[in-house]
Amino acid sequence: MLKGGYPAYTTSCAWFGYSDQQLKQLCTDALNSGWTKFKVKVGADVEDDRRRCRLIRQIIGPDNTLMIDANQKWDVAEAISWVSSLAEFKPLWIEEPTSPDDILGHAAISKALAPLGIGVATGEQCQNRVMFKQLLQASALQFVQIDSCRLGSVNENLAVLLMAHKFQVPVCPHAGGVGLCELVQHLSLFDYISVSQSLSNRMCEYTDHLHEHFTSPVVIQNAHYMPPKDPGYSTEMLESSVQTHQYPEGDVWKRLMDK
């Protein structure tokens, strides 16, 4: 880990609302920086999703990894139909295809998509280890996505890592929000070093924003998280950022209220 780091994937290239030219530029820049795993937001319009997935697959090539993320947009039948129409672009997983509380719905989607070679990834909205236990017992997901903030405490996250190992399901943490990348890198490293000892189908999400507000921001080299060297959980924010954004005295809020 100290030499090569923990593998990451990028969500920053394919948000909704990007023009084709922007998609092309961002994907090309990411490829040139060593990225090989890309996630695409889907679920607004099936034909537009097909067009965008086709474009991105053409840019990143057949050997790099593509994932798709619906952010809970569908019911079960719609999820199966919609994702099946995107199967030709070889997504590794469909993330959050339906309501995060619907354990049996995820199981049905998982079973239906298995012949297409598409896994189900979910978990960023799960608040406790019991929901993960049920998802794992029901074979409702092929990729566990812990969230370092939404799950209550480090201990709750560690319980999920241990259960995922028992069921031989890889953990690919959700990250990208304010400080989530900083937090979850520790859990991914612990998972590899002390639990799974495997990198097979394992990766940690990365988005390139808001890291400048932290005293120990993540370090990405060649699309890998480099192990943090500072003590602690990497959550301390710069005092200047805290003061600027503090409600209601911070300069950011004063400017908004002046409008």
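It should be noted that the structure appears before, not after, this text.
A brief structural summary.

### A closer look at the overall build of the protein
Along the protein, the regular secondary structure elements total 9 helices and 9 strands. In terms of C-alpha radius of gyration, the protein reaches 19 Å, essentially the compact-globule figure of 18 Å for 259 residues. C-alpha extents for the protein along the principal axes are approximately 55 × 45 × 40 Å. Per-residue burial over the protein gives 49% buried out of 259 residues. If you take every contact in the protein between residues at least 6 apart in sequence, the share linking residues at least 24 apart comes to 72%. Carbon and sulfur atoms form 52% of the exposed surface of the protein, whose accessible area is close to 12,300 Å².

### Description of the pattern of salt bridges
Counted by the stated rule, this structure contains 11 salt bridges. Two residues, K39 and E95, come together in a salt bridge whose shortest N-O distance is 2.8 Å. Here the residue K39 occupies a position in strand β2 (residues 37–41), and E95 occupies one in strand β4 (residues 91–95), the gap between them amounting to 56 residues. Across the pair R50 and E88 runs a salt bridge whose closest N-O atoms are separated by 2.9 Å. With R50 in helix α2 (residues 46–60) and E88 in the loop between α3 (76–84) and β4, this residue pair connects regions lying 38 residues apart in the sequence. The network of salt bridges with common partners includes K39, K41, D69, E95 and E205.

### Things to note about helix α1 (residues 20–32)
Its 13 residues place the ends of α1 18 Å apart at the C-alpha level, agreeing with the 18 Å of an ideal helix rising 1.5 Å per residue. Among all positions in α1, only L23, C27 and A30 are buried. Looking straight down α1, one finds its buried side chains confined to an arc of 60°; they lie on one side. Opposite the packed face of α1, turned more than 90 degrees from it, sit the exposed residues Q21 and N32. Those residues of α1 that are buried are in contact with β2 and α2. One or two residues past the end of α1 sits G34, with phi positive at roughly 100°.

### Some points on the environment of Y18
Mapped onto the fold, Y18 is located in the loop between β1 (6–10) and α1. In this structure Y18 comes out as partly exposed when scored by relative accessible area, which is 26%. Here the alpha-carbon distance between Y18 and Q58, two residues 40 residues apart in the chain, equals 17 Å. When neighbours within four sequence positions are excluded, Y18 is seen to be in contact with S12, C13, L23 and L26.

Parameters at a glance
- Residues numbered from 1 in each chain as written.
- Predicted model: local features only at pLDDT ≥ 70, side-chain atom pairs only at ≥ 80, totals over all residues.
- Heavy atoms only, no water.
- Helix = DSSP H or I, 4+ residues; strand = E, 2+ residues; numbered from the N terminus.
- Rg over C-alpha atoms; globule rule 2.2 N^0.38 Å.
- Buried < 20%, exposed > 50% of the residue type's maximum accessible area, 1.4 Å probe, protein only.
- Contact = heavy atoms within 4.5 Å.
- Areas by Shrake-Rupley, 256 points an atom, 1.4 Å probe, with all protein chains shown as cover.
- Salt bridge = Lys/Arg side-chain N within 4 Å of Asp/Glu carboxyl O.
- Expected span 1.5 Å × (residues − 1).
- Arc of directions from axis to C-beta.

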